[in-house]
Amino acid sequence: MKRICVCIAAMAISLVIMALLAEPRRVSARGQQGAPDGTEVKIDNFIFGPETLKVSVGATVTWTNRDDIPHTVVSTTGAFKSKVLDTDEKFSFTFSKPGTYPYFCSIHPKMTGKVVVQ
Amino acid sequence: MKSKDELIHDHNHDGIDRRGFLKCMAWAGTGALCVIQGGVLKSYSLSPRSPWGEKGTGDLSFVQISDSHMGFNKAANPDVVGTLKAAVDKINGLATPPEFLLHTGDISHLSKPEEFDTVDQILKSATAKELFFVPGEHDMLNDDGKQYLERYGKGSQGAGWYSFDKKGVHFIGLVNVLNLKAGGLGTLGPEQLEWMKRDVEHLKHSTPIVVFAHIPLWSVYPEWGWATEDSEQALGLLKKFGSVTVLNGHIHQTMQKVEGNVTFHTAASTAFPQPQPGKADSPGPMKVPADQLKSVLGITDVRHVPGQHALAVIDSPLG
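Reading the values: rules and limits
Residues numbered from 1 in each chain as written. Chains lettered and ligands numbered in written order. Predicted model: local features only at pLDDT ≥ 70, side-chain atom pairs only at ≥ 80, totals over all residues. Helix = DSSP H or I, 4+ residues; strand = E, 2+ residues; numbered from the N terminus. Buried ≥ 20, exposed ≤ 12 C-beta atoms within 10 Å, placed from the backbone. Contact = placed C-beta atoms within 7 Å. Pairing = 2+ DSSP bridges. Axes fitted to C-alpha atoms, helices over the stretch in contact; angles between N-to-C directions. Nonpolar A, V, L, I, M, F, W, Y, C, P; charged D, E, K, R; others polar. Parallel < 35°, antiparallel > 145°, perpendicular 65-115°, else oblique. Left-handed = near helix turned anticlockwise from the far one by under 90°.

Visitor: Any chance you could break down the overall build of chain A for me, citing the residues and the numbers?
Guide: What chain A contains, in helices and strands, is 1 helix and 8 strands. Reading the helices (α) and strands (β) of chain A from amino to carboxyl end gives α-β-β-β-β-β-β-β-β. Per-residue burial over chain A gives 26% buried out of 118 residues. For chain A, the proportion of contacts with a sequence separation of at least 24, taken over those separated by at least 6, is 43%.

Visitor: Which residues make up the sheet that holds strand β14 (residues 312-317) of chain B, and what are the values?
Guide: Across a sheet, strands are paired by hydrogen bonds formed along the backbone, either parallel or antiparallel in direction. Residue and element names in this part refer to chain B. Reading across from one edge, β6-β5-β4-β13-β14 is the order of the 5 strands in this open sheet, with mixed pairing throughout. Only two strands of the sheet have a single partner each, and these edge strands are β6 (130-133) and β14. Direction aside, neighbouring strands of the sheet carry axes that sit 25° apart on average. In terms of strand pairing, strand β4 (residues 60-65) meets strand β13 (residues 298-304) through 5 bridges, oriented antiparallel. Looking at β13, one finds that Phe62 is bridged to Val302.

Visitor: With reference to specific residues and values, describe the environment of A:Thr72.
Guide: Residue and element names in this part refer to chain A. With respect to the element layout, Thr72 can be found in the loop between β4 (60-65) and β5 (74-75). Spatially, the C-alpha atoms of Thr72 and Pro50 are 16 Å apart, while their sequence positions differ by 22 residues. Once you skip the residues sitting within four places of it in the chain, Thr72 turns out to touch Ser82, Val84, Leu85, Cys105, Ser106 and Ile107.

Visitor: Give a detailed account of the interface of chain A and chain B, specifying residues and quantitative values.
Guide: Tallying the contact residues gives 19 residues for chain A and 19 residues for chain B. Considering only residue class, the side of chain A that touches chain B consists of 8 nonpolar, 6 polar and 5 charged.

Visitor: Provide a residue-level description of the packing of helix α2 (residues 80-92) of chain B against helix α3 (residues 113-123) of chain B, including the pertinent values.
Guide: Residues and elements named next belong to chain B. At their nearest, the axes of α2 and α3 sit 10 Å apart, and the two run at 30° to each other. Judged by the inter-axis angle, α2 sits roughly parallel to α3. Considering the relative orientation of α2 and α3, their crossing is right-handed. Where α2 approaches α3, its residues Val81, Leu84, Lys85 and Val88 are matched on the opposing element by Thr118, Val119, Ile122 and Leu123. A breakdown of the residues in the contact of α2 with α3 according to their chemical character gives 6 nonpolar, 1 polar and 1 charged.

Visitor: Give me the lowdown on unusual backbone geometry, citing residues and values where you can.
Guide: Here the bond from A:Gly49 into A:Pro50 is cis, since omega is 0°, no more than 30 degrees from zero. Structurally, A:Pro50 is set in the loop between β2 (47-49) and β3 (52-55). One non-glycine residue with positive phi stands out, namely B:His69, at about 40°. Mapped onto the elements of the fold, B:His69 is located in the loop between β4 and α2. Positive phi values are uncommon outside glycine, yet B:Asp106 reaches one of about 60°. Examined against the element boundaries, B:Asp106 turns out to sit in the loop between β5 (100-103) and α3. Exposure remark for B:Asp106: the 25 C-beta atoms within 10 Å place this residue in the buried category.

Here it is, written out as structure tokens:
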């Protein structure tokens, strides 16, 4: 009985330690259906984060490149196109019409994202 | 020290002994020279003397460099000027001076005029006085390659493709870094493929072909964009030729593959290394300890001896 208690205690302690050591989850945007997220997109590690950003009509979205390699932000429909962004450089665009705006990095085309304007 | 491997097992009847071939490929990364001549593998270890011996008058030798990324200054290499200069020193120290240099793109990091100027300045001290370029995606920024064409596109067509001949070897420079589509890979496009078809249709089948382009023309790792969506069409145009060598850059590490009559080879960067396919979250610059940086950067020495089936391709690290 004592041995079982010790085992359970040890497991509980391990779980607590693992939880404390686990990478903190990225604070996710408010996930309620239809509610807008923030207006920032962070570019890092060849990823646009968040990949899908929901904003209201008239919002200005700002992309910031935190990667150690340059990237661009280019709409697939021609709605917007940044110049090349080196580390810490930004690009902003104001979305005056509702719709879905897919975009990608023209230097690394596997990087894609979209802005949903409601 | 020379060792000779003989063709022992020819199961596929293609003249290549698989076991010996794999052994040869394992040596390739250490700077050994592997030459496949009519199915017989000959391997030579890298020695201070030229492994090819005396250069014959018909022999052709040139050097490929790639991905100088002039303007890059982050942790993976704060001194890309210094490492490009080290590459030039390496070129100038080769036992057989190259007749020309081939730069397979990403000359600059941000397509800035001063970045191109600096590379031009540094390459002036190379023994090879003739330089050939193809652009990387970093050379086409902000202006879809207009500046690249003004600087390096003389005599080329379209986005900068062209061909030339040296001592019986036909060289084809291709551009696969323009008009990239969202989620896509490198692309050559129908206009360039049509030009290439006309360019090679009258060549004799015995003409050795060298194709050079920035993004690999074989599927190295599509998840990271390390492939060209219509490369099969380009290679299809070269099926009739007995010897095809494809030289690429973009992935910042050496890699080679032989498929039938085609030898594929990617060069190291002179600026910074990138991780092996899938070995990191993303294909960005890879930091290594400062004293190891030169060992993961390099140049590629290429030689063609008349009458030999394949070109000999040998990678040398900078240090």
